[in-house]
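Geometric and topological summary
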Amino acid sequence: MLLDDLRRRVGDDCLVTDTDVMESFAHDEAEWAPYGKPAVVVRARTAEDVQAVVQVCIEHQTPLIARGAGTGLSGAANAIDGCVILSLERMNKVLEVNPLERLAVVQPGVVNDHLRDHVAESGLWYPPDPASSPWSTIGGNLATNAGGMCCVKYGVTREYVLGMQLVTGTGELVRIGRRTAKGVAGYDLTGLMVGSEGTLGIATEITVRLRPLRAEEITVAGFFDTMVDAGKAVEAVAAAGLTPSALELVDRNCLKAVDDWRNMGLSVDANVVLLGRTDAPGDTGLAEAEQMVQCFTDAGATYAVRSEDSAEGDALFAARRMAYPALERLGPLLTEDVCVPKFQVPTMLGRIEEIGRRHDVLIATLAHAGDGNLHPMMLTAQGDEDQKRRSLAAFDEIIAAAIELGGTVTGEHGVGLLKLDGLAAEQAPEVLALYRAVKRALDPHNILNPGKGIVA
């Protein structure tokens, strides 16, 4: 029996079989992504626990789904009937910080912000900062190749993962990657694992690259009447040769949700807010901030200004981070994650508005606008099946529009379950065949998160 073998290998204290508790582990935050009932949840403590669980699942031909904090938005961590859910939340130690080599070694359950706070004590910084950074884990960030606000300048998770210890789909515990600044020996298996959504292996220890702490950022805010004008400002910033440390868009629906929740007064002044930041030191930073103000103004901002103190700028970005939880309070939220070339941002924002009008769907849009990663979110009323149908239709059209404009169906949330059809539309059949070949080679028993992330 599956449960008996798991008890024998990892101990009864690691197993969760209570139906109500297992329900809380059975899905992530993706609205309407289907999920089943797991046979058991295993809360691993060590790499050896993970290895044992993989080996038992191979013996029983049981699907195995690794899970971090469950903050994902694509259904990648959702249960399949009869599967084993492997929770990595107990594996939450920072094992090493090396200031000389500027790296840290962490277990997958370490929370993103906790790592950032920890390494700051050594004068170092871990850049990837998804909006879920107060709760999401490094293992989950690795699985989806998470980005965030800083990625416009500093890149996404893949740029910061040097190596890892992992359990393979054949139940072996191996190390891949490196700790050196350079290294090109062999295939880049580390890069392959980042973004694979737990379909190729399960990381049990992760070595990440760090950077020195930055200079204090300067914030620029621009208020716009239309989404398209804000998009033109994003294009103007890129055309001016600026690389802001953040460039975020928040539309009127997001602003209203934050106002209603926290009474910040933003939606009174603008339909769309564009928030830019520069972390260039000294006079260079001031000059970049003034250039950004000019770009906003030239693109049609009704008001654009450089913040005079860091507290004011931090408050604006706090409002940006609050937008998603503020919207969640209003009802089911179907979240998109498309990414388009920067010059197509104005067009894509206009298409999103047009799609929302045509389907009579309220769409609230957040965006890591500086790199073209847009998060239009369909707001629906609980139990309104017709509205749900229209929202799903809008969701599919937004994906199609992004592909048409030379973009991609996901910038950082992953394919999971919600974007399987989108991935098939984006990639050529020959490329999908390569994906399947890699999956068969690394997970020959097809037990690691089957049916997720790639076309099954």
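Definitions and limits used
- Residues numbered from 1 in each chain as written.
- Predicted model: local features only at pLDDT ≥ 70, side-chain atom pairs only at ≥ 80, totals over all residues.
- Heavy atoms only, no water.
- Pairing = 2+ DSSP bridges.
- Helix = DSSP H or I, 4+ residues; strand = E, 2+ residues; numbered from the N terminus.
- Contact = heavy atoms within 4.5 Å.
- Axes fitted to C-alpha atoms, helices over the stretch in contact; angles between N-to-C directions.
- Domains from an automatic or database assignment.
- Salt bridge = Lys/Arg side-chain N within 4 Å of Asp/Glu carboxyl O.
- Nonpolar A, V, L, I, M, F, W, Y, C, P; charged D, E, K, R; others polar.
- UniProt positions renumbered as here; feature names shortened; annotations may be inferred.
- Core = buried A, V, L, I, M, F, W, Y, C linked by side-chain atoms within 4.5 Å.
- Buried < 20%, exposed > 50% of the residue type's maximum accessible area, 1.4 Å probe, protein only.
- Phe/Tyr/Trp six-rings, centres within 6.5 Å; stacked < 30°, edge-to-face > 60°.

**Brief notes about the sheet that holds strand E4 (residues 84–87)**
Pairing within the open sheet is mixed, and its four strands lie in the order E1-E2-E4-E3. A single partner strand is all that each edge strand has here, and the edge strands are strand E1 (15–16) and strand E3 (64–67). Pairing geometry for strand E2 (residues 40–43) and E4, over four bridges, is parallel. If you follow valine 42 over to E4, its bridge partner there is leucine 86. The strands that helix H3 (residues 47–60) touches are E2, E3 and E4; relative to E4, the one it contacts most, it runs at about 170°.

**Some words on the domain arrangement of the protein chain**
By a widely used convention, the size of an interface equals the accessible area lost when the partners come together. Partitioning the protein chain into structural domains gives domain 1 (1–87), domain 2 (94–212) and domain 3 (218–405). A C-alpha centroid distance of 23 Å is found between domain 1 and domain 2. With 16 residues of domain 1 at the contact, the number on the domain 2 side is 16 residues. The tally of links between domain 1 and domain 2 comes to zero salt bridges. When residues of the side of domain 1 that touches domain 2 are traced back to their parent elements, those giving at least two are H3 and E3. The biggest single contributor to the side of domain 1 that touches domain 2 is H3, with seven residues. Considering only residue class, the side of domain 1 that touches domain 2 consists of nine nonpolar, five polar and two charged.

**A look at the UniProt feature "domain: FAD-binding PCMH-type" (unreviewed entry) in the protein chain**
Under the UniProt annotation, "domain: FAD-binding PCMH-type" (unreviewed entry) lies at residues 34–213. Regarding residues 34–213, the helix share stands at 22% and the strand share at 26%, and the terminal C-alpha atoms are separated by 42 Å.

**A word on the nonpolar core**
Nonpolar side chains tend toward joint burial in soluble globular proteins. The biggest cluster of nonpolar side chains holds 42 residues, and the ones touching the most others in it are Phe224, Leu249, Leu274, Phe296, Met348, Met378 and Ile398. Broken down by element, the residue count for this core peaks at six residues, all from helix H13 (residues 385–404). Here phenylalanine 224 is in contact with Asp229, Ala230, Ala233, Ala270, Asn271, Val272, Leu274, Phe296, Gly300, Ala301 and Thr302, once residues within four sequence places are set aside. Of all hydrophobic cores here, the second largest spans 26 residues; its members include Ala246, Cys254, Leu255 and Leu316.

**Some points on the packing of aromatic side chains**
Considering all chains together, one arrives at four aromatic pairs under this definition. An angle of 90° between the planes, with centres 4.9 Å apart, marks the rings of tryptophan 125 and tyrosine 154 as edge-to-face. Of this pair, tryptophan 125 sits in strand E7 (residues 124–125) while tyrosine 154 sits in helix H6 (residues 151–154); the two residues are 29 residues apart in sequence, bridging distant segments of the chain. Classification of tyrosine 154 by relative accessible area gives buried; the value is 12%. Geometrically, the ring pair formed by phenylalanine 223 and tyrosine 303 is tilted, given 5.6 Å between the ring centres and 55° between the ring planes.

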